[in-house]
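Okay, here's what each chain looks like letter by letter:
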Amino acid sequence: AGAELRLAELTVDFWAGLQDTPVVERHESLRAPLYRRLAQVWLGQCTLPSSFVSWDEEPSVEEEDFSRFREQAALEVLESCLGLLGAEMATMLRTALDSSRGSWQTLEVTLFAMRGLHVPIKAAVRDGAGPRA
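On a predicted model such as this, the values are computed, not experimentally measured, just so you know. (Residues numbered from 1 in each chain as written. Predicted model: local features only at pLDDT ≥ 70, side-chain atom pairs only at ≥ 80, totals over all residues. Heavy atoms only, no water.)

For the rest of this paragraph, the subject is the overall build of the chain. Secondary structure assignment for the chain yields seven helices and zero strands. Rg of the C-alpha trace for the chain: 15 Å, near the compact-globule value of 14 Å for 133 residues, within the 12% margin. Each principal axis of the C-alpha atoms in the chain carries an extent, and together these give about 45 × 30 × 25 Å. Partitioning the intrachain contacts of the chain with sequence separation of at least 6 by distance along the chain shows that 72% fall at a separation of at least 24. About 7,600 Å² of surface is accessible on the chain, with carbon and sulfur atoms providing 55% of the total. On the chain, the mean spot of the 13 positive side-chain charges and the mean spot of the 20 negative ones are 9 Å from each other. (Helix = DSSP H or I, 4+ residues; strand = E, 2+ residues; numbered from the N terminus. Rg over C-alpha atoms; globule rule 2.2 N^0.38 Å. Contact = heavy atoms within 4.5 Å. Areas by Shrake-Rupley, 256 points an atom, 1.4 Å probe, with all protein chains shown as cover. Lys, Arg positive; Asp, Glu negative; His and termini not counted. Charge placed at Lys NZ, Arg CZ, Asp CG, Glu CD.)

Orientation of helix α3 (residues 32–45) relative to helix α4 (residues 63–85), taken along the N-to-C sense of each, is 160°, at an axis distance of 9 Å. The orientation of α3 with respect to α4, classified from their angle, is roughly antiparallel. Judged by the twist between their axes, the crossing of α3 over α4 is left-handed. Packed against α3, whose contacting residues are Ala-32, Tyr-35, Arg-36, Leu-38, Ala-39, Trp-42, Leu-43 and Gln-45, the element α4 presents Phe-66, Phe-69, Ala-73, Ala-74, Val-77, Leu-78, Ser-80, Cys-81, Leu-84 and Leu-85 at the interface. (Axes fitted to C-alpha atoms, helices over the stretch in contact; angles between N-to-C directions. Parallel < 35°, antiparallel > 145°, perpendicular 65-115°, else oblique. Left-handed = near helix turned anticlockwise from the far one by under 90°.)

A volume near 180 Å³ is recorded for the largest pocket. Forming the boundary of the largest pocket are Gln-40, Leu-43, Gly-44, Thr-47, Met-92, Leu-93, Ala-96, Thr-106, Val-109 and Thr-110. Mapped by element, the contributors of at least two residues to the lining of the largest pocket are α3, α5 (87–98) and α6 (104–116). Among the residues making up the lining of the largest pocket, the classes are represented as five nonpolar, five polar and no charged. (1 Å grid on protein atoms, 1.4 Å probe; cavity = no way out; pocket = protein on both sides within 12 Å on 5 of 7 lines; lining within 4 Å. Points joined across faces, edges and corners; volume = space filled by probe spheres on them. Nonpolar A, V, L, I, M, F, W, Y, C, P; charged D, E, K, R; others polar.)

Pasting the structure below:
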């Protein structure tokens, strides 16, 4: 898991740089459908393993590396997804929250994302912003 997080971190600059290109000028494959999948993948990367008990017993990744990845790289990319998807992203998180019964990891990662993105989520929901193409 540690190597996967490092690889994902290498893509942050690409996703951040892509935000400088207006959506209407992007190739169709770099629009909302990609960002829906991107949000799912990055939330998956932020999810603790199903076998997780404690950091002392987790050999695949260090707590500090995992926390840094989530708080810096992942939140930056997820905020880009929110910027493009708008209120749809809030709905995605709500759906994940509703379907988290039985999986504390799904509940935890959804609450993590909501906490980290609460200000832009409120704005997107308030404005009723839908996906930008």
